[in-house]
Every structure is written in C-alpha cells, then in structure tokens.
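# An overview of the molecular structure
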Amino acid sequence: MAAPGKVAAFRLPPLPTIGEIIRLFRLKAQKQLSQNFLLDLRLTDKIVKQAGELKNAHVCEVGPGPGGITRSILSAGVEQLLLIEKDARFIPGLQMLSEAAPGKVHIVHGDILTYKMEKAFPKHLKKNWEDEPPNIHIIGNLPFSVSTPLIIKWLENVSKRDGPFIYGRTQMTLTFQKEVGERLTANPGGKQRSRLSIMAQHLCTVENCFVIPGQAFVPKPEVDVAVVHFTPLVQPKIQQPFELVEKVVQSVFQFRRKYCFRGIETLFPESGRLKRTEQLMMTANVDPTLRPFQLSMSQFRNLCNAYRKMCDEDPSLFVFNYREELRQKKITRSLPESPGQPEQTEEENQL
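Just so it is clear, the model here is predicted, and its values are computed rather than measured.

### Structural notes on the overall build of the protein
- The secondary structure content of the protein amounts to 14 helices and 9 strands.
- In the protein, of all internal contacts separated by at least 6 residues, the share reaching a separation of at least 24 is 69%.
- About 17800 Å² of surface is accessible on the protein, with carbon and sulfur atoms providing 51% of the total.

Have a look at this one:
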C-alpha cells in the first residue's frame, strides 16, 4: 500500500517478454522497412531515461514495433502514451500492452510522416515558446529509411512552430544510424559536418547521448545506433524562413570538397553568376576559399541574411533552380541542331 500522500508508482503486470511477443505473433523484421528490434529492456530503459523526467508526462512513441521502448515509457509513470505504428503486424502485441495499462495507451495505425500531430495532445498542455518545454515528449527507435526525412520534417515544424511544436518546445529523443547522429552534432571543421548539422543546430540544442552497438538489435544492423536528444531553442541561430536556410545550406554543401564559393554559385543563374557570388560572399564577410564543413554557424547566418537581402531586391532569385538550369542545358545539347557542344562537366555529373 502506498504511503499516505504519495501516489503509488505504476507497474506493468507480468507480461510475455519481447522475444515471446515476437514468437507469439510470428513477427519478423522486414528489411525493406529497415526494421530492427531492441530486446534488452535495460537499453530501452536507458533510452527513455535520456528523455528526462516522464512522470505524468504525455508521450508520443514513433514506430513502437514489438513494444520494448513502450514498456520502459509506461514504467516511467507517464500520464498518456500515444503509439503511432505503420506496420499492422505489431498492433495485436501493442494492444496487449494497452490492456495491461488501462486508460494510458492510445494506438494509431498510421504513418508518422503524414500523421497530424497538431491535435495529438490535450490543449491545456500548451506552453508559450519562451517558457520551459511542455510536459510532452517524442521518443522513437526510428527505422533508418525514415529517420532523416522525418527529422528534417520536424525541424521545419520547429521553425514554423507547428505540428508537435504547436504545444511549445516539445523535446525529442530519437535513434539514428551512428553516422547520422555524428552529422547532427558535428562541430565546424569536423569530418561529419554537413547540411544536417546546420539545419538541426540552428534550431535545437542537439545532444548525442550514447551509442548502442549493432549486436544489441535483432536482426543485427551493419551499423551502430546513436541516441540523440533535441530541445528546440527559444531563438533560432539563423532567423530566416526554413526554406531559405535549407536552400543556402544545401547549395553550400553540394560540393563539400571544393571551396564554399563553388556551392554558393549554384544559388544564381548563369547570367551574372560570378558577380552575384562575389557580392554575396563580400556582404556576408565569408572567405570564399573555406570548405563548406569549415564554416561556422555565424558564417551561415551571414550568408542567409545576405541572400535574403538579394532575394528581396530580386524575387526571381529565390525560385531559381540550378538543377533545372542544368537539365535545360542538357536538353539543348541533345538537340540535333546543336552539334559540338561540350560533354557534361564534373559538377553536373556530381549533381
């Protein structure tokens, strides 16, 4: 019996092990969905611990699969747990967990990439963006095939303060391939510094918590897995629209082994390209001979601010698409009345 004035800790009743659930429902990881099961509940507890204090919290778990992390979340004493699972084979096992925790679990058979998170949690949990994060968490052992597009989607939601971030600065604890985790947290000059580093770090505090060896999963993936924690920043480090930041950052990293001005050039049409590139680099005060991975966050901010000013002066700039320009040139070269045109350049092949 609980001591007077204290709420008894929630405990799941005895349940089949995750391994037994897999055998009971004849579950098999599907390679085309990049599924990998984590059976060690000590590791699932460790992942959930990285999310912070979950007592009485509202949690959305992405892709719970056979329910290993789900058990650890429920054992942490959450108020409500929303499970979003795309693969119908896992639903019966999750329903068993739901029955073991009456009133706490809501299961959605759907795709997290299209699920509308704006109405996933009660309205009273909303916090102002400047306040402490709401008592809402997103947790997930993500399939490798969706992890990068999903975090980019959520980073855009952070920028626009919609989706799961309509409630405030909702925190996320997610798994990625170790290499992706390193990219998300890479510092300037690091070999893993990439587009993902800038897009994540200008919007969130990103922490690479720990690495799970591949052999802990069934089936064993060819790579180790990183657990990464995200807390949205009150003020983004680059205060420009998400689409503009993404375009500049993507352009810079198109040729990561070349000087950064080579990627910057792709922001501009061929006519006047060199002059405009020089203008942008000078306004942003960025050394054109730096490599993309050497640029600091403040240098990317300067580039985005300078590019925004140029777009305001010439709105056609923002809709310019370098790849489309290359495609049109390729079509022109292939026409019979255009003999003797040069072959594709190294840059065109790389793109």
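Having put the structure on the table, let's press on.
### A short note on the UniProt feature "binding site: S-adenosyl-L-methionine" (unreviewed entry) in the protein
- Mapped onto this numbering, the UniProt entry annotates "binding site: S-adenosyl-L-methionine" (unreviewed entry) at N36, L38, G63, E85, D111 and N141.
- In this fold, N36 is placed in the loop between α1 (18-24) and β1 (37-38).
- We classify N36 as buried; its relative accessible area is 18%.
- Ignoring any residue separated from it by four or fewer positions in sequence, one finds N36 in contact with N141, F144, F217, V218, P219, K220 and P221.
- Note on placement: G63 falls in the loop between β2 (58-62) and α3 (68-75).

### Quick look at the nonpolar core
- Counting residues in each nonpolar core, the largest one holds 64 residues, and the members touching the most others are F230 and L303.
- Mapped onto the domain boundaries, this core takes at least three residues apiece from domain 1 (22-232) and domain 2 (242-331).
- The residues contacting F230, other than those within four sequence positions of it, are I151, Q171, M172, L174, F176, L184, C204, T205 and V206.

### Comments concerning the packing of helix α5 (residues 144-160) against helix α8 (residues 242-252)
- At a minimum axis separation of 10 Å, α5 and α8 run at an interaxial angle of 135°. Put simply, α5 runs oblique to α8. Of the residues in α8, those touching α5 at I152, L155, E156, S159 and K160 are F242, E243 and E246.
- Looking at the contact of α5 with α8, its residues break down into 3 nonpolar, 1 polar and 4 charged.

### Considering the pairing of strand β5 (residues 136-140)
- Here β5 lies mainly inside the structure; 5 of its 5 residues are buried.
- Residues of β5 alternate between two faces, with I136, I138 and G140 on one and H137 and I139 on the opposite face, all of them buried.
- One ladder, built from 5 bridges, connects β2 with β5; its direction is parallel. Paired with V59 across the strands is H137, a residue of β5.
- Summarising the sheet, β5 and strand β6 (residues 171-177) pair through 4 bridges and their orientation is parallel. By the bridge assignment for β6, H137 is matched with Q171.
- A crossover links β5 with its parallel partner β6, the connecting element being α5, and its sense is right-handed.

### A closer look at the packing of aromatic side chains
- Going through the model one piece at a time under the given rule, you end up with 5 aromatic pairs.
- Measuring from centroid to centroid gives 6.4 Å for Y259 and F261, while their planes differ by 35°, and the two rings are tilted.
- The class for Y259 is partly exposed, based on a relative accessible area of 36%.
- A residue is classified by how much of its surface remains accessible, and F261, at 29% relative accessible area, is partly exposed.
- Aromatic side chains F268 and Y307 sit 6.3 Å apart centroid to centroid with 70° between the ring planes, which places their arrangement in the edge-to-face category. On the criterion of sequence distance, the pair formed by F268 in the loop between α9 (260-264) and α10 (273-284) and Y307 in helix α11 (residues 297-313) is long-range, its members being 39 residues apart. Residues F268 and Y307 agree in their burial class; the two are buried.
- Positioned above the aromatic ring of F210 is the side chain of K46, whose terminal nitrogen or guanidinium carbon lies 4.3 Å from the ring centre.
- For the cation-ring pair, R89 lies above F90, with the distance from its terminal atom to the ring centre recorded as 5.2 Å.

### Topic: the pattern of salt bridges
- Scanning all chains against the criterion turns up 13 salt bridges.
- One salt bridge connects E156 with K160, and the closest N-O pair in it is separated by 2.7 Å. Pair noted here: E156 and K160 are both in helix α5, with a separation of 4 residues, about one helical turn.
- Classification of E156 by relative accessible area gives partly exposed; the value is 25%.
- Classification of K160 by relative accessible area gives partly exposed; the value is 40%.
- R327 is the salt-bridge partner of E324, the closest N and O atoms lying 2.9 Å from each other. Placement of the pair is E324 and R327 together in helix α13 (residues 322-334), with a separation of 3 residues, close to one helical turn.
- Looking at E324, the relative accessible area reads 32%, which means it is partly exposed.
- You can call R327 partly exposed: its relative accessible area is 44%.

Criteria and thresholds
- Residues numbered from 1 in each chain as written.
- Predicted model: local features only at pLDDT ≥ 70, side-chain atom pairs only at ≥ 80, totals over all residues.
- Heavy atoms only, no water.
- Helix = DSSP H or I, 4+ residues; strand = E, 2+ residues; numbered from the N terminus.
- Contact = heavy atoms within 4.5 Å.
- Areas by Shrake-Rupley, 256 points an atom, 1.4 Å probe, with all protein chains shown as cover.
- UniProt positions renumbered as here; feature names shortened; annotations may be inferred.
- Buried < 20%, exposed > 50% of the residue type's maximum accessible area, 1.4 Å probe, protein only.
- Core = buried A, V, L, I, M, F, W, Y, C linked by side-chain atoms within 4.5 Å.
- Domains from an automatic or database assignment.
- Axes fitted to C-alpha atoms, helices over the stretch in contact; angles between N-to-C directions.
- Parallel < 35°, antiparallel > 145°, perpendicular 65-115°, else oblique.
- Nonpolar A, V, L, I, M, F, W, Y, C, P; charged D, E, K, R; others polar.
- Pairing = 2+ DSSP bridges.
- Right-handed = clockwise from strand over helix to strand, strands pointing away.
- Phe/Tyr/Trp six-rings, centres within 6.5 Å; stacked < 30°, edge-to-face > 60°.
- Lys NZ or Arg CZ within 6 Å of the ring centre and 35° of its normal.
- Salt bridge = Lys/Arg side-chain N within 4 Å of Asp/Glu carboxyl O.

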